[in-house]
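Examining the three-dimensional arrangement
Residue-level listing of the chains:
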Amino acid sequence: MFFKTKKFERKVLLDKSVLDSIVTFCKMKHPNEGILILKGKSKNGQIKIDGLAIPPFNFTGPTFAGFPHSFLPFDNSYIGVVHSHPSGSAEPSVTDLNNFFGLVSLIIQSPYDDDSIFAWDSSGNTIPLSINDEHETEKN
Ligand SMILES: [Zn+2]
């Protein structure tokens, strides 16, 4: 099999267990926005998300969720953030793009189900997102 030198196709792989945690968290925060740090790794254009971290400083309201990036501890496994849009679409706002952190931004819109979540890059373009349901439960 031959691989031509072309741009790797970007793709986001999200563990189902992580998605479930995001859904639970955002439902809890509703009608305010919730925000979480995405943990994982990226290789050859594939971004694999397998964990979450709670931002150390967190300001949420109905229209904006954010945290000062300068307060974030340096951590290679932090590859982006996810936040919720309690109303409206899952498209990133100008504020979202100005506050872009890491490689990928996930946005989940109300009613927060498996079809409500989308992945975006720093230019506001969608990245294909697939849910990885085969995650072994190593730790509970
Ligand atoms: Zn937003």
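In the block above lies the structure referred to throughout.
So, here's what we can say about the structure. Note that the structure is predicted; figures quoted are calculated from it, not measured.

Procedures and definitions
- Residues numbered from 1 in each chain as written.
- Predicted model: local features only at pLDDT ≥ 70, side-chain atom pairs only at ≥ 80, totals over all residues.
- Pairing = 2+ DSSP bridges.
- Helix = DSSP H or I, 4+ residues; strand = E, 2+ residues; numbered from the N terminus.
- Contact = placed C-beta atoms within 7 Å.
- Axes fitted to C-alpha atoms, helices over the stretch in contact; angles between N-to-C directions.
- Buried ≥ 20, exposed ≤ 12 C-beta atoms within 10 Å, placed from the backbone.
- Expected span 1.5 Å × (residues − 1).
- Arc of directions from axis to C-beta.

A word on the sheet that holds strand S6 (residues 78-85)
Taken in spatial order, the eight strands of this open sheet run S9-S8-S7-S6-S2-S3-S1-S10, and their pairing is mixed. Looking along the sheet, the strands with just one partner apiece sit at the ends: strand S9 (126-127) and strand S10 (129-132). With four bridges connecting them, strand S7 (residues 104-109) and strand S8 (residues 117-120) associate as antiparallel partners. The partner of leucine 106 across the bridge, within S8, is alanine 119. Across the sheet, helix H1 (residues 16-29) touches strand S1 (11-15), strand S2 (35-43), strand S3 (46-53), S6, S7, S8 and S10, and the angle it forms with S1 is around 75°.

Quick word on the pairing of S8
Where burial is concerned, the two faces of S8 agree: the one with Ile117 and Ala119 and the one with Phe118 and Trp120 are both buried. Sheet topology note: the S8/S9 ladder contains two bridges and is antiparallel. Each residue of the ladder has a partner; that of alanine 119, found in S9, is isoleucine 127. Linking S8 back to S9 in an antiparallel pair, the connection comprises five residues, with glycine 124 at a positive phi of about 85°.

Some words on unusual backbone geometry
A cis geometry characterises the amide bond from histidine 30 onward to proline 31, with omega recorded as 10°. If you trace the backbone, proline 31 turns up in the loop between H1 and S2. Despite not being glycine, asparagine 44 has its phi angle at roughly 50°, a positive value. By the secondary structure assignment, asparagine 44 is in the loop between S2 and S3. Phi is positive for tyrosine 112, close to 60°, though the residue is something other than glycine. Position of tyrosine 112 among the secondary structure elements: in the loop between S7 and S8.

Digging into H1
Over its 14 residues, H1 runs 20 Å from end to end, which matches the ideal 20 Å to within 8%, given 1.5 Å per residue. Within H1, the full set of buried residues consists of Val18, Leu19, Ile22 and Cys26. Here the buried residues of H1 occupy an arc of 100° about the axis, which is enough to place them on one side. Along H1, exposed side chains directed more than 90 degrees from the buried face belong to Asp20, Thr24 and Met28.

A closer look at the environment of glutamate 134
In this fold, glutamate 134 is placed in the segment after S10. Using a count of 6 C-beta atoms within 10 Å as the deciding quantity, one classes glutamate 134 as exposed. Along the sequence, glutamate 134 and aspartate 15 sit 119 residues apart, while their C-alpha atoms lie 8.0 Å from each other.

What is shown is where atoms sit, not what they do.
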